[in-house]
Amino acid sequence: MTATLDERSGPPGSAEEDRPPEPPGFLPAYPGYRSTALLDRLRATEYSYLDAGGHVYLDYAGAGLPAQAQVTAHAERIGGRCLGNPHSQNPASAASTDLIERARLAVLTHFNAPPEEYAAIFTPNATGACRLIGEAYPFGPRNRLVLTWDNHNSVNGIREFARSRGAITQYVPFSSPELRIDDDAIRQSLAQPRPRRAARRTASPSAAAGSRRGLLAYPAQSNFSGVQHPLAWIQTAHEHGYDVLLDAAAYVPSNRLDLSVVKPEFVAVSWYKVFGYPTGVGCLIARREALRRLRRPWFAGGSVHIAGVQAGWHAMAADEARFEDGTVSFLQIPDLEAGLSWVNGIGIDLIHQRVMCLTGWLLGRLAALRHGNGEPMARIYGPAGTPDRGGTVAFNLLDPGGRVVDERAVAQATAAAGISIRTGCFCNPGATEGAFSLTEADWRRALRGRARTMDQNLDLLGLPSLALRASVGLASNIDDVERFLTFVEMTYTDRVADTGGLPPRRGC
């Protein structure tokens with residue numbers, strides 16, 4: 001970058017003088033917010049496009065925001081040298097290869113993951129990392145896939161690979177209104193005996209797993225409720241003979257993940273959620289010994305060392321290349337080094353501190369909102385406090401009669417006010433079912449109705465609306481939260497929202 005972090009943030013005090021005062025009671029309740037003043041200076045310089053456009057951005061669970069420094073670093077890098085397809089030995093190719101390997105090492109360093117123990121495999125996103133595990137993990141009739149109800153659909157989809165190879169899929173349900181899952185329920189699921197039916201072929205895929213009993217897949221942090229599930233489950237799974245896929249996409253933007261302390265076999269990450277740019281680049285961080293158990297069902301350019309047409313034979317490439325199909329995004333992957341340098345220069349613990357202060361205030365203020373008749377204006381899904389949770393808050397707004405305000409009406413109103421929040425089920429059907437107390441019987445009844453549209457499905461399930469989600473991140477400040485809360489009070493206090501003319505829902 002052309003300037004240091006301190007130079008780009010401006011002198012101390014410059015941002016503090018221009019920003020609105022904190023609301024009464026905020027600093028006494030969250031005194032740690034004062035220590036995050038650096039982020040106010042960065043908001044005024046690196047993220048100035050937010051205030052210039054009058055935008056309240058509360059969708060960090062959907063995507064982080066890029067700093068101007070990252071965009072500048074990208075332009076300087078690709079404008080200052082010739083970079084080409086890395087699958088060659090020419091100078092342009094060698095330059096790209098060098099930058100990609102530097103980014104790979106920066107990823108491992110960020111997670112304190114020793115390169116001799118872990119590999120960083122570049123994928124399009126966390127979804128691509130999950131698909132890679134789904135298609136290559138040695139599922140078979142003698143092992144099982146254990147999932148929590150709280151999972152993104154990119155993890156839920158792995159069950160289709162497992163089922164196609166005869167493995168048993170088991171879900172662990174929620175055990176509390178806070179959408180948490182009990183430790184004992186996890187242990188009981190992992191302790192289930194191996195399926196008795198044997199593989200028909202002596203060289204079945206499950207044989208490659210050796211003594212592994214299967215795969216546990218769960219999110220370090222829920223993308224729906226913000227619940228942070230225990231990283232201790234990783235060791236529990238190992239004690240029961242399971243590999244672990246940790247979905248860290250929602251967790252790592254504001255939390256430290258030290259892979260020298262916790263050691264899941266596989267970790268899925270989307271980098272745009274951490275620092276906004278580049279999009280289209282994710283990672284599978286994997287233990288090398290676990291990668292040796294994976295069996296890819298196909299090969300492609302880049303992932304194959306040599307292949308023959310007449311002999312119908314191929315040999316896979318070595319190390320990370322075996323899992324990176326085609327030409328990787330060689331102009332974007334090097335941006336990870338700049339993005340990680342940016343985040344680490346700020347400090348992940350400082351980002352965490354700010355996110356927790358703002359989340360606590362948002363939760364408390366939402367829960368305290370009341371209509372004139374004393375009825376609550378909001379229903380929060382998940383934890384009401386900040387322990388063991390992240391900066392994502394799922395909720396619905398309620399009218400004075402306690403009826404849920406249609407999320408589509410809120411989406412239209414917030415958009416018109418320049419506020420970005422998320423609406424829907426956030427690709428997490430299990431958390432949605434838990435939040436709205438849906439049962440298997442509800443689903444059986446709804447499926448008999450043969451609905452053709454999303455709205456028809458919701459009607460058959462008895463759901464009046466989907467949820468709302470507000471999430472804070474690196475560039476958020478207290479003014480963002482207060483402007484959103486003020487909007488809610490002014491728009492919905494003692495009012496019944498008009499649901500006429502709302503567009504049909506296209507999906508979740």
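About the thresholds
- Residues numbered from 1 in each chain as written.
- Predicted model: local features only at pLDDT ≥ 70, side-chain atom pairs only at ≥ 80, totals over all residues.
- Heavy atoms only, no water.
- Helix = DSSP H or I, 4+ residues; strand = E, 2+ residues; numbered from the N terminus.
- Rg over C-alpha atoms; globule rule 2.2 N^0.38 Å.
- Buried < 20%, exposed > 50% of the residue type's maximum accessible area, 1.4 Å probe, protein only.
- Contact = heavy atoms within 4.5 Å.
- Areas by Shrake-Rupley, 256 points an atom, 1.4 Å probe, with all protein chains shown as cover.
- Lys, Arg positive; Asp, Glu negative; His and termini not counted.
- Charge placed at Lys NZ, Arg CZ, Asp CG, Glu CD.
- Pairing = 2+ DSSP bridges.
- Axes fitted to C-alpha atoms, helices over the stretch in contact; angles between N-to-C directions.
- Parallel < 35°, antiparallel > 145°, perpendicular 65-115°, else oblique.
- Left-handed = near helix turned anticlockwise from the far one by under 90°.
- Nonpolar A, V, L, I, M, F, W, Y, C, P; charged D, E, K, R; others polar.
- Polar contact = N/O pair within 3.5 Å; in protein donor to acceptor, adjacent residues only side chain to side chain.
- Salt bridge = Lys/Arg side-chain N within 4 Å of Asp/Glu carboxyl O.
- Core = buried A, V, L, I, M, F, W, Y, C linked by side-chain atoms within 4.5 Å.

Engineer: Please clarify how the overall build of the chain should be interpreted in this entry.
Structural biologist: Of regular secondary structure, the chain possesses 21 helices and 15 strands. For 508 residues, the compact-globule formula gives about 23 Å, and the C-alpha radius of gyration of the chain, at 24 Å, lands near that figure. In terms of its C-alpha atoms, the chain occupies a principal-axis envelope of roughly 75 × 60 × 40 Å. Taking all 508 residues of the chain together, the buried fraction comes to 53%. Once local pairs closer than 6 in sequence are excluded, the contacts in the chain between residues at least 24 apart make up 73%. Carbon and sulfur atoms form 52% of the exposed surface of the chain, whose accessible area is close to 21,600 Å². Distance from the positive charge centre (52 side chains) to the negative charge centre (51 side chains) of the chain: 10 Å.

Engineer: Before we go on, may I ask you to explain the sheet that holds strand E11 (residues 378-381) in this structure?
Structural biologist: Whenever strands of a sheet pair, they do so through backbone hydrogen bonds, lying parallel or antiparallel. The sheet built from four strands is open, its strands ordered E11-E12-E15-E14 with antiparallel pairing. For this open sheet the edge positions go to E11 and strand E14 (422-424), each flanked by a neighbour on one side alone. Mean inter-strand twist for the sheet, computed between neighbouring axes without regard to direction, equals 35°. One ladder, built from four bridges, connects E11 with strand E12 (residues 392-397); its direction is antiparallel. Counted as the bridge partner of Tyr381 is Ala394 from E12. The strands touched by helix H16 (residues 348-368) within the sheet are E11, E12 and strand E15 (467-471), with E12 carrying the most contacts at an inclination of about 15°.

Engineer: What should I look at first to understand the packing of H16 against helix H21 (residues 478-492) in this one?
Structural biologist: Each pair of packed helices can be summarised by the angle the axes make with each other and by the distance between the axes. The geometry of H16 relative to H21 is characterised by a closest axis approach of 10 Å and an angle of 15° between their N-to-C directions. The orientation of H16 with respect to H21, classified from their angle, is roughly parallel. Considering only the axes of H16 and H21, their crossing is right-handed. Mapping the contact onto sequence places Leu358, Trp361, Leu362, Arg365 and Leu366 in H16 and Ile478, Val481, Glu482, Phe484, Leu485 and Glu489 in H21. Grouping the amino acids of the contact of H16 with H21 by side-chain chemistry returns eight nonpolar, no polar and three charged.

Engineer: Would you mind showing me how to read the environment of Pro124 here?
Structural biologist: Looking at the secondary structure, you find Pro124 in the loop between strand E2 (118-123) and helix H8 (126-136). Look at Pro124 and you get partly exposed, because its relative accessible area is 49%. For the pair formed by Pro124 and Thr392, sequence separation is 268 residues and the distance between their alpha carbons is 24 Å. The residues touching Pro124, leaving out its near neighbours within four places in the chain, are Gly280, Val281 and Gly282.

Engineer: Would you take a moment to explain the side chain of Asn143 for this structure?
Structural biologist: Locating Asn143 in the fold gives a position in the loop between H8 and strand E3 (144-148). A residue is classified by how much of its surface remains accessible, and Asn143, at 2% relative accessible area, is buried. A polar contact is formed between the side chain of Asn143 and the backbone oxygen of Pro138, at a distance of 3.1 Å. A polar contact is formed between the side chain of Asn143 and the backbone nitrogen of Gly140, at a distance of 3.0 Å.

Engineer: Can you walk me through unusual backbone geometry in this structure?
Structural biologist: Note: most residues except glycine have negative phi, and most peptide bonds are trans. For the bond from Tyr277 to Pro278, the omega torsion is 10°, close enough to zero to count as cis. You can see Pro278 is positioned in the loop between helix H13 (272-275) and strand E8 (282-287). For Asn112, which is not glycine, the phi torsion reads 55° and is therefore positive. Mapped onto the elements of the fold, Asn112 is located in the loop between helix H7 (91-110) and E2. We classify Asn112 as partly exposed; its relative accessible area is 41%. Unusually for a residue other than glycine, Asp494 sits at a positive phi of about 60°. Here Asp494 is to be found in the segment after H21. Overall, Asp494 belongs to the partly exposed group, its relative accessible area being 48%.

Engineer: Help me out: how do you make sense of the pattern of salt bridges in this one?
Structural biologist: Here the idea is simple: oppositely charged side chains can pair when their charged atoms come close. Under the counting rule described, the total for this entry stands at 33 salt bridges. Salt-bridge contacts for Arg256 lead to Asp349; the nearest nitrogen and oxygen are separated by 3.0 Å. Taken together, the residues span a long stretch of sequence, with Arg256 in the loop between strand E6 (242-247) and strand E7 (266-270) and Asp349 in helix H16 at a distance of 93 residues. Assessed through its relative accessible area of 48%, Asp349 is described here as partly exposed. Arg505 is the partner of Asp406 in a salt bridge, and the nearest nitrogen-oxygen pair spans 3.2 Å. One end of the pair, Asp406, is in the loop between E12 and helix H17 (407-416); the other, Arg505, is in the segment after H21, and 99 residues separate them in sequence. Taking relative accessible area as the criterion, Asp406 reaches 8% and is therefore assigned buried. The class for Arg505 is buried, based on a relative accessible area of 12%. In this structure, a network of salt bridges that share partners links the residues Glu117, Arg212, Asp243, Lys263, Glu265, Arg287, Glu289 and Arg293.

Engineer: Would you take a moment to explain the sheet that holds strand E5 (residues 214-219) for this structure?
Structural biologist: Strand order in this open sheet of seven strands is E2-E8-E7-E6-E5-E3-E4, and the pairing throughout is mixed. Sheet topology places E2 and strand E4 (168-172) at the edges, where each strand pairs with a single neighbour. Strand-to-strand twist across the sheet, computed as the mean angle between neighbouring axes with direction ignored, equals 20°. Across four bridges, E3 lies against E5 in parallel orientation. Each residue of the ladder has a partner; that of Leu147, found in E5, is Ala217. The strands touched by H8 are E2, E5, E6, E7 and E8; relative to E7, the strand with the most contacts, the crossing angle is about 150°.

Engineer: What is the right way to look at the nonpolar core in this model?
Structural biologist: Generally speaking, nonpolar side chains in soluble globular proteins are found buried as a group. Core analysis: the largest hydrophobic core is formed by 112 residues, its most contacted members being Val107, Phe111, Leu257, Trp271, Ile285 and Ile346. When residues in this core are grouped by element, the largest group, 11 residues, is from H16. Setting aside residues no more than four positions away along its own chain, Val107 makes contact with Ala120, Phe122, Trp271, Cys283, Ile285, Leu336 and Leu340. The next biggest cluster of nonpolar side chains, apart from the first, holds 28 residues, and it includes Leu145, Ile158, Ala268 and Leu294.

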